[in-house]
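A look at the structure
Now for the letters of each chain:
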Amino acid sequence: MNSVTKSVLAIAAAATAIGGLATPAFAQRDPAYAAARSAGQVGERMDGYLGIVVAETPALRRIVNDINIKRRAVYSERAKATNATIEEYAFTAGCQAILATVSGEKYQAPDGSWQTRGANAPLRDPRCP
């Protein structure tokens with residue numbers, strides 16, 4: 001990773017930390033999302049988006065699509081503000097979202113597998129800021 005990319009990721013991480021992730025606001029507005037998250041049906045992906053962990057249903061797909069559309073809009077806006085690409089910003093947001101999971105919640109590990117957060121820190125991509 002070159003120094004420019006590291007700088008962009010650091011700026012994006014700071015902006016994410018200051019501005020927060022889109023996830024908490026969505027969770028407060030959508031009890032179905034909160035229920036799916038706590039039941040381990042959905043989890044945080046490394047790319048900054050929500051993923052379906054269990055067999056897909058139309059209801060889960062609607063929840064995930066809605067959240068991910070909103071996240072992409074936030075990432076796009078914040079990426080422009082930090083002079084990053086959407087993908088760079090989303091990746092950094094994914095790192096932060098995975099770090100913010102709590103015990104019992106699902107997240108995607110660097111190898112792509114779904115893990116359940118325990119008491120220890122989650123497994124994160126070594127490129128995470």
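Read on for a plain summary of the structure. Just so we're clear, the structure is a prediction, and the values are computed from it rather than from any experiment. Sequence order as written defines the numbering, with residues in each chain counted from 1. In keeping with the model being predicted, local features are shown solely for residues with a pLDDT of at least 70 and side-chain atom pairs are shown and tallied solely at 80 or more, while totals for entire chains, interfaces and linings include all residues. The basis for the side-chain values is all heavy atoms of the structure; hydrogens and waters are excluded.

1. Quick word on the sheet that holds strand β4 (residues 114–116)
The strand order across the open sheet built from four strands is β2-β1-β3-β4, with neighbouring strands paired in mixed fashion. Either end of the sheet is taken by a strand with one partner, and the two such strands are β2 (50–52) and β4. Taken over all neighbouring pairs, the strand axes of this sheet differ in orientation by 40 degrees on average, direction set aside. Sheet topology note: the strand β1 (residues 42–44)/β2 ladder contains three bridges and is antiparallel. Along β2, the bridge assignment pairs V42 with I52. Contacts are assigned to residue pairs that have any heavy atoms within 4.5 Å of one another. To define axes, lines are fitted to C-alpha atoms, for helices over the stretch in contact only, and angles between the resulting N-to-C directions are given on a 0 to 180 degree scale. Where helices and strands are cited, they refer to DSSP runs of H or I of at least four residues and of E of at least two residues respectively, numbered from the N terminus. Packed on one face of the sheet, helix α3 (residues 31–38) meets β1 and β2 and runs near 80 degrees to β1. Whether two strands pair depends on DSSP finding at least two bridges between them.

2. Here's the deal with the environment of R61
Mapped onto the secondary structure, R61 falls in helix α4 (residues 58–82). For the exposure calls, accessible area comes from a 1.4 Å probe over protein chains only, and a residue counts as buried if that area is under 20% of its type's maximum, exposed if over 50%, partly exposed in between. Judged by its relative accessible area of 29%, R61 is partly exposed. Taking C-alpha positions, R61 is 9.8 Å from V42, a pair spaced 19 residues apart along the chain. What R61 contacts, discounting residues up to four positions off in sequence, is I52 and E56.

3. Here we look at the pattern of salt bridges
Think of a salt bridge as a Lys or Arg side-chain nitrogen and an Asp or Glu carboxyl oxygen that are within 4 Å of each other. All chains considered together, the criterion is met by seven salt bridges. Between D47 and R45 there is a salt bridge, with its nearest N and O atoms 2.6 Å apart. Look at D47 and you get partly exposed, because its relative accessible area is 32%. Between D125 and R127 there is a salt bridge, with the nearest N and O atoms lying 2.9 Å from each other. On the basis of relative accessibility, which here comes to 46%, the residue R127 falls in the partly exposed class. If you follow the salt bridges from partner to partner, you end up with R37, E44, R71 and E105 in one network.

4. Structural notes on the packing of α4 against helix α5 (residues 86–99)
The description of two packed helices rests on the angle between their axes and on the distance between the axes. Running from amino to carboxyl end, α4 crosses α5 at an angle of 110 degrees, the nearest separation of the two axes being 8 Å. Here α5 runs roughly perpendicular to α4, going by the angle between their axes. Along this stretch, α4 crosses α5, giving a crossing that reads as right-handed. Contact residues: α4 offers R72, Y75, S76, R78, A79 and T82, while α5 offers I86, Y89, A90 and A93. Residues of the contact of α4 with α5, tallied by class, amount to six nonpolar, two polar and two charged. When describing relative orientation, an angle under 35 degrees is termed roughly parallel and one over 145 degrees roughly antiparallel, while 65 to 115 degrees is termed roughly perpendicular and anything else oblique. Should the near helix be turned anticlockwise from the far one by less than a right angle, the crossing is left-handed, and should it be turned clockwise, the crossing is right-handed. Note that Gly is not counted as nonpolar here; it falls among the polar residues with everything else outside the nonpolar set of Ala, Val, Leu, Ile, Met, Phe, Trp, Tyr, Cys and Pro and the charged set of Asp, Glu, Lys and Arg.

5. Topic: α4
Between the first and last residue of a helix there are one fewer steps than residues, each counted as 1.5 Å, and that sum is the expected span. With 25 residues, α4 should cover 36 Å at 1.5 Å per step; its first-to-last C-alpha distance of 35 Å lies within 8% of that length. For α4, the full list of buried residues reads L60, I63, V64, I67, N68, R71, Y75, S76, A79 and T82. Positive phi appears at N83, one or two residues downstream of α4, with a value of about 60 degrees.

6. Quick notes on α3
Considered for burial, the residues of α3 that qualify are Y33, A36 and R37. Across the axial projection of α3, the buried residues extend over an arc of 100 degrees, all falling on one side. In α3, the exposed residues that point more than 90 degrees away from the buried face are P31 and S38. Contacts described as polar in this section are N or O atom pairs within 3.5 Å, which, within protein, must combine one atom able to donate a hydrogen with one able to accept it, while residues neighboring in sequence count only if both atoms come from side chains. A side-chain oxygen of the first residue of α3 lies 3.0 Å from the backbone nitrogen of A32; this N-cap is D30. What the arc describes is the spread of directions from the helix axis to the C-beta atoms.

Such coordinate-based values are descriptive only and should not be taken to indicate function.
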